[in-house]
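Coordinates in review
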Amino acid sequence: MLSIEHQDGDFVHLRATGKLTTEDYRGTIPLLEAIITENAPLRVLIDARGIEGVEAGALWLDAKFDMKHGSDIAQIAFVGDQAWEKWLTKIFSPMFKGEVRYFDAAEMAAAESWINDAR
């Protein structure tokens, strides 16, 4: 499941759990694009603790979104608990104009602090 937990102006907190599906992205991307239209560039906190995998179609939609909106994102703090998430963060980070940082699950407070310090 992929959902917007909280949004306040240019800040978006996304929560990703379980196996991410194409339908998850089809439901969330239009909401993110509406927020981008009103508030870009965004600061995004992605809480991915507990992801169990990603469908290929979901990964493709994620990549398309990243390529289209890379300049609309000022910062991404990605919090995860698996080695492959850190690897994916490094692969996708060049698509963004802004800074992307990976934080281990125990570093959620540091991720929140880093993303909020940008204000």
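Scroll up to find the structure.
If you're wondering where the values come from, they're calculated on a predicted model, not measured in any experiment. (Residues numbered from 1 in each chain as written. Predicted model: local features only at pLDDT ≥ 70, side-chain atom pairs only at ≥ 80, totals over all residues. Heavy atoms only, no water.)

1. A closer look at the overall build of the protein chain
- Helix and strand counts for the protein chain stand at 4 helices and 7 strands.
- The order of α-helices and β-strands along the protein chain, N terminus first, is β-β-β-α-β-β-α-β-α-β-α.
- Computed over the C-alpha atoms, the radius of gyration of the protein chain is 13 Å, within 12% of the 14 Å expected from 2.2 N^0.38 for a compact globule of 119 residues.
- Counting the 119 residues in the protein chain, one finds 45% classified as buried.
- For the protein chain, the proportion of contacts with a sequence separation of at least 24, taken over those separated by at least 6, is 77%.
- Within the structure as shown, the protein chain displays about 6,300 Å² of accessible surface, and the carbon and sulfur contribution to it stands at 54%.
- In the protein chain, 12 positive and 20 negative side-chain charges are present, and the distance between their average locations comes to 4 Å. (Helix = DSSP H or I, 4+ residues; strand = E, 2+ residues; numbered from the N terminus. Rg over C-alpha atoms; globule rule 2.2 N^0.38 Å. Buried < 20%, exposed > 50% of the residue type's maximum accessible area, 1.4 Å probe, protein only. Contact = heavy atoms within 4.5 Å. Areas by Shrake-Rupley, 256 points an atom, 1.4 Å probe, with all protein chains shown as cover. Lys, Arg positive; Asp, Glu negative; His and termini not counted. Charge placed at Lys NZ, Arg CZ, Asp CG, Glu CD.)

2. Here's the deal with the packing of aromatic side chains
- In total, this model carries 2 aromatic pairs according to the counting rule given.
- Where Phe-78 meets Tyr-102, the ring centres are 6.0 Å apart and the plane angle is 25 degrees; that geometry is what we call stacked. One end of the pair, Phe-78, is in strand E6 (residues 73-80); the other, Tyr-102, is in strand E7 (residues 99-104), with 24 residues separating them in the sequence.
- On the basis of relative accessible area, Phe-78 is assigned to the buried category, the value being 15%. (Phe/Tyr/Trp six-rings, centres within 6.5 Å; stacked < 30°, edge-to-face > 60°.)

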